[in-house]
Amino acid sequence: MAEAWVNHGFRVEIVDCRDSHYFPPKDVRFAVDICLNLERWAPSLPKDCLKILHATGAHWLTQNIAELARLEALKFRRGTLLAPRRQAPSSYGIEVADCGIVLGNQFTESTFRYANKPITRIPISSAFTFDFHDTKNWEKCRNQFIWFGSYGMIHKGLDLVLETFAKHPSLQLTICGRPEKEADFFSCYQKELCELPNIRMAGWIDPASREFDEIRKTHGFAVYPSCSEGGGGALIHAMHAGLVPIATAESSVDLGKFGIEIKEGTCEAVEESVLKAASCPADELADRARRTWGHVRNVHTLPAFQSNYSSWVSRLVGQDPV
């Protein structure tokens, strides 16, 4: 991103988004922020400075309500209340901004549309790319699923996935993450996480590792019923590994005709989509996997992001790169 601005003749200052003391210089022409600073900077910015919100997630209110709704559903379903872990601070960045960027698809964009500001989608990139595995045993892969995500297990829908696989012991689930880091979640789902033979905790997995390479060779699907995303980076990584996505619309990842949509954030909807995936004939799974891989290789790479971002900057400043 910085290189794109430099290539157009600008000097770029990069600041930690958590720095509450920084103010842009008086001659700044473009101010780019990811969440909390635009409203603080706005009074001191020149009148001709274009204010840009670079949204790395969905709108904070959408995200917060979505996580709380999942927690409330769990409260009634399992009789326990867990702590929210993905609550975003409130901000008025989109109200202050002149325009915005989103990394996700129409879901993320729709959460900012109310502000009537120009929004440009620049698809999220991936830190990892892989060659496609033509030699996978697709018949065995039909029953092999992964959940791949970071913190906020309820937000990312791991609870719904665990309850689904607990009901279907013939289906295998590998969890690439650290649910034990969230003590209340781990206590609630200790049986599913530790006692069921068809559910394995692989821990925090580096996508560049040999262990992840083995996982992607033997698994067919990545299931990700998140309630709110700004681009679904974890799922994009799994798709680069040739895993077919099973995801909610709120995961903000295009599923095309290769993925399988989870129609809502409920156990029943996750179960329906997982069983649909497991019923795919081997040749259909291989075709879906190749189309998944081809899509992300075309849309979600660092060179694609660089090209899209540079083109957007060119249109913004009204000039070709120097």
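The structure reproduced in this document is the subject of the present report. (Residues numbered from 1 in each chain as written. Predicted model: local features only at pLDDT ≥ 70, side-chain atom pairs only at ≥ 80, totals over all residues. Heavy atoms only, no water.)

1. Side note on the overall build of the protein chain
Step number 1: If you tally the helices and strands in the protein chain, you get 14 helices and ten strands.
Step number 2: The C-alpha radius of gyration of the protein chain comes to 21 Å, within 12% of the 20 Å expected for a compact globule of 322 residues.
Step number 3: Summarising its shape, the C-alpha atoms of the protein chain cover approximately 65 × 45 × 30 Å along the three principal directions.
Step number 4: When each of the 322 residues of the protein chain is scored for burial, the buried share is 52%.
Step number 5: If you take every contact in the protein chain between residues at least 6 apart in sequence, the share linking residues at least 24 apart comes to 66%.
Step number 6: In the protein chain, 36 positive and 39 negative side-chain charges are present, and the distance between their average locations comes to 1 Å. (Helix = DSSP H or I, 4+ residues; strand = E, 2+ residues; numbered from the N terminus. Rg over C-alpha atoms; globule rule 2.2 N^0.38 Å. Buried < 20%, exposed > 50% of the residue type's maximum accessible area, 1.4 Å probe, protein only. Contact = heavy atoms within 4.5 Å. Lys, Arg positive; Asp, Glu negative; His and termini not counted. Charge placed at Lys NZ, Arg CZ, Asp CG, Glu CD.)

2. Quick look at the pattern of salt bridges
Step number 1: Scanning all chains against the criterion turns up 19 salt bridges.
Step number 2: Of the charged contacts, one joins Asp 134 and Arg 290 as a salt bridge, the two residues approaching to 2.5 Å between their closest N and O atoms. Linking Asp 134 in the loop between β4 (119-121) and α6 (138-141) with Arg 290 in helix α13 (residues 282-299), this pair joins segments that are 156 residues apart in sequence.
Step number 3: Asp 287 is paired through a salt bridge with Arg 291; the nearest N and O atoms lie 2.9 Å apart. With Asp 287 and Arg 291 both in helix α13 and four residues apart, this pair spans about one turn of that helix. (Salt bridge = Lys/Arg side-chain N within 4 Å of Asp/Glu carboxyl O.)

3. Points about the packing of aromatic side chains
Step number 1: Going through the model one piece at a time under the given rule, you end up with 14 aromatic pairs.
Step number 2: When the ring of Trp 5 is compared with that of Phe 10, the centres are 5.8 Å apart and the planes differ by 80°; the resulting orientation is edge-to-face.
Step number 3: A residue is classified by how much of its surface remains accessible, and Phe 10, at 17% relative accessible area, is buried.
Step number 4: Seen from their ring centres, Tyr 309 and Trp 312 are 5.4 Å apart, and the 45° between their planes marks the pair as tilted. With Tyr 309 and Trp 312 both in helix α14 (residues 302-317) and three residues apart, the pair spans about one turn of that helix.
Step number 5: A network of ring pairs unites the aromatic residues Trp 5, Phe 10, Phe 30, Phe 305, Tyr 309 and Trp 312 as a single cluster.
Step number 6: Cation over ring: Arg 40 sits above Phe 23, and NZ or CZ is 4.9 Å from the ring centre. (Phe/Tyr/Trp six-rings, centres within 6.5 Å; stacked < 30°, edge-to-face > 60°. Lys NZ or Arg CZ within 6 Å of the ring centre and 35° of its normal.)

4. As for the pairing of strand β3 (residues 99-102)
Step number 1: Burial along β3 is two-sided: the face carrying Cys 99 and Ile 101 and the face carrying Gly 100 and Val 102 are both buried.
Step number 2: By the bridge criterion, four bridges tie strand β2 (residues 50-55) to β3 in an arrangement that is parallel. Residue pairing across strands places Ala 55 opposite Val 102, the latter belonging to β3.
Step number 3: Inspection of the sheet shows β3 paired to β4 by three bridges, in the parallel sense. In the strand pairing of β4, Ile 101 is matched with Thr 120. (Pairing = 2+ DSSP bridges.)

5. Points about the environment of Leu 158
Step number 1: Turning to its location among the elements, Leu 158 is positioned in helix α7 (residues 158-166).
Step number 2: Overall, Leu 158 belongs to the buried group, its relative accessible area being 0%.
Step number 3: Each C-alpha atom, one on Leu 158 and one on Phe 10, is 44 Å from the other, the two residues being 148 residues apart in sequence.
Step number 4: Excluding residues within four positions of it along the chain, Leu 158 makes contact with Trp 147, Met 153, Ile 175, Pro 179 and Phe 185.

6. Thoughts on the packing of α7 against helix α12 (residues 267-278)
Step number 1: Look at α7 against α12: their axes get within 9 Å of each other, and the N-to-C directions meet at 60°. As judged from the angle between their axes, α7 and α12 are oblique. Here α7 and α12 pass one another in a crossing that is right-handed. In this structure, α7 uses Leu 160, Val 161, Glu 163, Thr 164 and Phe 165 to contact α12, whose residues at the interface are Cys 267, Val 270, Glu 271 and Val 274.
Step number 2: Partitioning the contact of α7 with α12 into residue classes produces six nonpolar, one polar and two charged. (Axes fitted to C-alpha atoms, helices over the stretch in contact; angles between N-to-C directions. Parallel < 35°, antiparallel > 145°, perpendicular 65-115°, else oblique. Left-handed = near helix turned anticlockwise from the far one by under 90°. Nonpolar A, V, L, I, M, F, W, Y, C, P; charged D, E, K, R; others polar.)

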